[in-house]
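Examining the three-dimensional arrangement
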Amino acid sequence: MTTVLALMIVTPVLAAAACLAAWRIPHVQRGMALVASLAVLALAIALHLGVAEAGPVDLLVGNWPMGMAIRLRADPFATVMVLVVAVLALCVLMFATVELPEPYVSFGAPPLVLILVMGVCGAFLTADLFNLYVWLEVLLLASFVLLALGGARAQLRGGTVYVVLNIISSALLLTGIALVYAAVSALDFDVIRSRLATLAVDRPSLVVTIEVMLLVGFGIKAAVFPLFFWLPISYPTPAPSFTALFAVLAGVGVYAMMRIVVGVFPYAPAVYAALVWVAALTMVVGTAAAVVQARLRAVISFLDVGHVGYVVAGLAIAGGAAATSRDALAGAIYYLVHHVVVTADLFLIAGVIRRLRGREDLVGLGGLAHREPVLAGAFVIGGFSVAGIPPLSGFWAKLGILAPALARGHWWLAAAAVLAGILTLVAFARIWNAAFSGKPPGDPGPELTLGQRVLLYTPVVLLSAATLLLGVFAGDAFAIAGAAASWLAGVAP
Amino acid sequence: MIYAYAALVGLLVAVAVYLLLHPDAVDNVLGLVLLGHGGNLVVLGAGDLYRASAPILDGSAQIADPLPQALVLTAIVIGFGLTAFAVVLVARMDRAEEAE
């Protein structure tokens, strides 16, 4: 299993190198990237099944002794997230074969996507704080280039904001990591955890200060309130395939927050209390801003922000001993998976709409429900899922957050979650009214060939089906999330 | 020594914040560079740099922890890459604005 774990990172980077060798031949690049993403998916499935059966796998890179080596660790939380990014990469690359203009491909978009996938896999699978920072930089650099590819003015503006905010976040992270090392002389998650436990008794304020520093750094990447402003400025600007791929990036930020808060730092009530506020404000502000946006992908970007808040809410109410935090953490993990899948789905649907109508502001798109019933169906499933209509995954995800919130007496947080759900539904009603119902505009826009239709709709339908299946088999999914939550908190389920 | 070192980091970060709050994009990039250097110095300082000799094993008693020095090399390389990209982005922004 350790070989599979290593291949999870090696495969995408080798494939990216192979793509670079075929720099001038776009078809070969596309084909190789698709094959590589299939291989990554197969590896991710193998890793997930292996870990689910035999427990977490550790790989000490270079066979250095534990505590000195950079440690890769595949526990159920990591393997589930790797599986999500593998599915997402395959969907995006398939979508991009039609959606992405030729110049983008010959400029190296497929290898960049693979490098981003490598960075995300590395970030999920590492158990070393500095290594996590390095993987975040790898995926950020790839995303910088993908974001700016095309070079339109809005892209450059959004890209600048994205780059500046993320470099600031990286500087904060680096400082936080240095302070961790200065305090405990270790970078391995488990070693830090055991040494901080003693330090937290002697100098609790020092430990909380370092933790907050790291959380602000990861919080910028996760786009939580009040650090989210870069996301809605930059995400609507690149080619829609890339926006869909970026749906996983905020997820990486939240994932890192969960690892740090639950898996590395000792329990600090003040941090959890602050996270409750962060979660509530993220949910309400994000979804409320989504309602008033004028462009399709801006609406979905703000929904991305708002719904990351639910994951943070699950984390915030999880405080305390591992035994009592399991249900809330399981809810957060299920929500995170649901969120990435469904956000990517919506971004891809927005990409199809842009392709069909040649624009994406919410006026004059109308009439797509008659012309593209498959797209309309996928949108209804995706939209209802985000809003939390049963039996789709969004309903169970919200239930998984609301039930523990109410059980612990977090009434205001629960109220904020319900309000955000209603605002989400309003945002979707606006998209539906603008794009799917009503009269089509005078210029019907380009017709799609059958081949294009298959390549564009397969990923969309696949992701919509995934949210449906996550909802129908919610019991099994929550069992996996529960096991992942236990391992995250450092105990075998 | 440690206080002078901390003051230097503080100065770097203060100037970085000042430059980041400027409206000019080139100033902002310089601010990012200085902010990164502040972070790098903190990493370097985590290795007891100011109390021990260089980490070369020659039998002498107290040597500095070499790991932060390895970490800071990685961080410098990453910071250089990020800065290079930011500079290109700002230059492209400028050209796009001139074209209008």
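In this report, we go over the structure that sits alongside the text. (Residues numbered from 1 in each chain as written. Chains lettered and ligands numbered in written order. Predicted model: local features only at pLDDT ≥ 70, side-chain atom pairs only at ≥ 80, totals over all residues. Heavy atoms only, no water.)

Quick word on the overall build of chain A
- Helices and strands together make up the secondary structure of chain A, namely 20 helices and 2 strands.
- In terms of C-alpha radius of gyration, chain A reaches 21 Å, essentially the compact-globule figure of 23 Å for 493 residues.
- The dimensions of chain A, computed from C-alpha atoms along their principal axes, are 70 × 55 × 40 Å.
- Across chain A, every contact between residues at least 6 apart in sequence was considered, and the portion connecting residues at least 24 apart equals 81%.
- In the form shown here, chain A has an accessible surface area of approximately 16700 Å², with 73% of it arising from carbon and sulfur atoms.
- For chain A, the distance from the average site of its 24 positive side-chain charges to the average site of its 20 negative ones is 8 Å. (Helix = DSSP H or I, 4+ residues; strand = E, 2+ residues; numbered from the N terminus. Rg over C-alpha atoms; globule rule 2.2 N^0.38 Å. Contact = heavy atoms within 4.5 Å. Areas by Shrake-Rupley, 256 points an atom, 1.4 Å probe, with all protein chains shown as cover. Lys, Arg positive; Asp, Glu negative; His and termini not counted. Charge placed at Lys NZ, Arg CZ, Asp CG, Glu CD.)

Quick look at the packing of aromatic side chains
- Scanning the entire structure with this criterion turns up 20 aromatic pairs over all chains.
- Aromatic pair A:W23 and A:F107: ring centres 6.5 Å apart, planes at 50°, arrangement tilted. Of this pair, A:W23 sits in the loop between α1 (2-21) and α2 (26-54) while A:F107 sits in the loop between α4 (102-106) and α5 (109-125), and the two are 84 residues apart along the sequence.
- Note on A:W23: relative accessible area 30%, which makes it partly exposed.
- Seen in terms of ring centroids, A:F144 and B:F85 are 5.5 Å apart; in terms of plane orientation they differ by 25°. Their pairing is stacked. (Phe/Tyr/Trp six-rings, centres within 6.5 Å; stacked < 30°, edge-to-face > 60°. Buried < 20%, exposed > 50% of the residue type's maximum accessible area, 1.4 Å probe, protein only.)

Some remarks on the pairing of strand β2 (residues 71-74) of chain A
All names here are of chain A.
- On β2, burial covers both faces: R71 and R73 on one face and L72 and A74 on the other are all buried.
- With 4 bridges connecting them, strand β1 (residues 57-60) and β2 associate as antiparallel partners. Along β2, the bridge assignment pairs D58 with R73. (Pairing = 2+ DSSP bridges.)

Re empty space enclosed by the protein
All names here are of chain A.
- Evaluation of the coordinates by the stated rule reveals 3 cavities of 30 Å³ or more.
- Lining the largest cavity are 13 residues, with R30, L93, A96, L100 and P110 sitting closest to its centre.
- Listing elements by their share of the lining of the largest cavity, those giving two or more residues are α2, α3 (76-99) and α5.
- Residue composition of the lining of the largest cavity, grouped by class: 11 nonpolar, 1 polar and 1 charged.
- Approximately 70 Å³ is the volume attributed to the second largest cavity.
- Lining the second largest cavity, in full, are L136, L139, L140, Y162, N166, K221, W230, Y235, L249, V252 and G253.
- Residue assignment for the lining of the second largest cavity shows that the elements contributing at least two residues are α6 (129-148), α7 (153-184) and α11 (240-264).
- When grouped by side-chain class, the residues that make up the lining of the second largest cavity number 8 nonpolar, 2 polar and 1 charged. (1 Å grid on protein atoms, 1.4 Å probe; cavity = no way out; pocket = protein on both sides within 12 Å on 5 of 7 lines; lining within 4 Å. Points joined across faces, edges and corners; volume = space filled by probe spheres on them. Nonpolar A, V, L, I, M, F, W, Y, C, P; charged D, E, K, R; others polar.)

Thoughts on helix α20 (residues 474-488) of chain A
- Over its 15 residues, α20(A) runs 20 Å from end to end, which matches the ideal 21 Å to within 8%, given 1.5 Å per residue.
- All of the buried residues in α20(A) are A:A474, A:A477, A:A481, A:G482, A:A483, A:A484, A:A485, A:S486 and A:L488. (Expected span 1.5 Å × (residues − 1).)

Structural notes on the nonpolar core
Residue and element names in this part refer to chain A.
- By size, the foremost hydrophobic cluster in this structure holds 224 residues, and its most contacted members are F242 and M258.
- It is helix α14 (residues 322-357) that provides the largest number of residues to this core, a total of 21 residues.
- The residues contacting F242, other than those within four sequence positions of it, are L100, Y104, A109, V113, L146 and L149. (Core = buried A, V, L, I, M, F, W, Y, C linked by side-chain atoms within 4.5 Å.)

Focus: the pattern of salt bridges
Residues and elements named next belong to chain A.
- All told, the structure shown has 11 salt bridges over all chains when counted by the stated rule.
- Notably, a salt bridge pairs D327 with R408, separated by 3.3 Å at the nearest N-O pair. You can see D327 sitting in helix α14 and its partner R408 sitting in the loop between α17 (393-407) and α18 (411-436), a full 81 residues away along the chain.
- Here D327 falls in the partly exposed class, since its relative accessible area comes to 42%.
- Overall, R408 belongs to the partly exposed group, its relative accessible area being 30%.
- Residues E372 and R371 are paired through a salt bridge, measuring 3.5 Å at the closest nitrogen-oxygen approach.
- Several salt bridges share partner residues, and in doing so they unite D58, R71, R73, D188 and D190 into one network. (Salt bridge = Lys/Arg side-chain N within 4 Å of Asp/Glu carboxyl O.)

Digging into the interface of chain A and chain B
- Counting residues at the interface gives 26 residues for chain A and 25 residues for chain B.
- Summing both sides of the interface, chain A and chain B together bury roughly 2400 Å²; the carbon and sulfur share of this comes to 83%.
- Considering only the side of chain A, the residues that lose the most area to chain B are A:R153, A:L156 and A:Y181, jointly responsible for 25% of the buried surface there.
- Summed over the shared surface of chain A and chain B, the result is 0 salt bridges.
- Scanning the region where chain A abuts chain B turns up 1 residue pair in polar contact (both at pLDDT 80 or more).
- The set of elements that each furnish at least two residues to the side of chain A that touches chain B consists of α6 and α7 of chain A.
- It is α7(A) that contributes the most residues to the side of chain A that touches chain B, 16 residues altogether.
- Here the residues of the side of chain A that touches chain B are counted per class, giving 19 nonpolar, 4 polar and 3 charged. (Buried area = accessible area lost by both parts, 1.4 Å probe. Polar contact = N/O pair within 3.5 Å; in protein donor to acceptor, adjacent residues only side chain to side chain.)

Description of the environment of A:V180
Residue and element names in this part refer to chain A.
- Relative to the elements of secondary structure, V180 occurs in helix α7.
- When its relative accessible area of 3% is taken as the criterion, V180 is described as buried.
- For the pair V180 and P373, spaced 193 residues apart in sequence, the C-alpha to C-alpha distance is 54 Å.
- Dropping the residues within four chain positions of it, V180 is found in contact with L129, S185, A186, I192, I210, L214 and F265.

Focus: the packing of helix α9 (residues 204-222) of chain A against α11(A)
Residue and element names in this part refer to chain A.
- The geometry of α9 relative to α11 is characterised by a closest axis approach of 7 Å and an angle of 160° between their N-to-C directions. On the basis of the axis angle, α9 is roughly antiparallel to α11. Viewed along their axes, α9 and α11 form a crossing whose handedness is left-handed. Here α9 contributes E211, L214, L215, F218, G219, K221 and A222 to the contact with α11, which in turn contributes L249, A250, G253, V254, A256, M257, I260 and V261. (Axes fitted to C-alpha atoms, helices over the stretch in contact; angles between N-to-C directions. Parallel < 35°, antiparallel > 145°, perpendicular 65-115°, else oblique. Left-handed = near helix turned anticlockwise from the far one by under 90°.)

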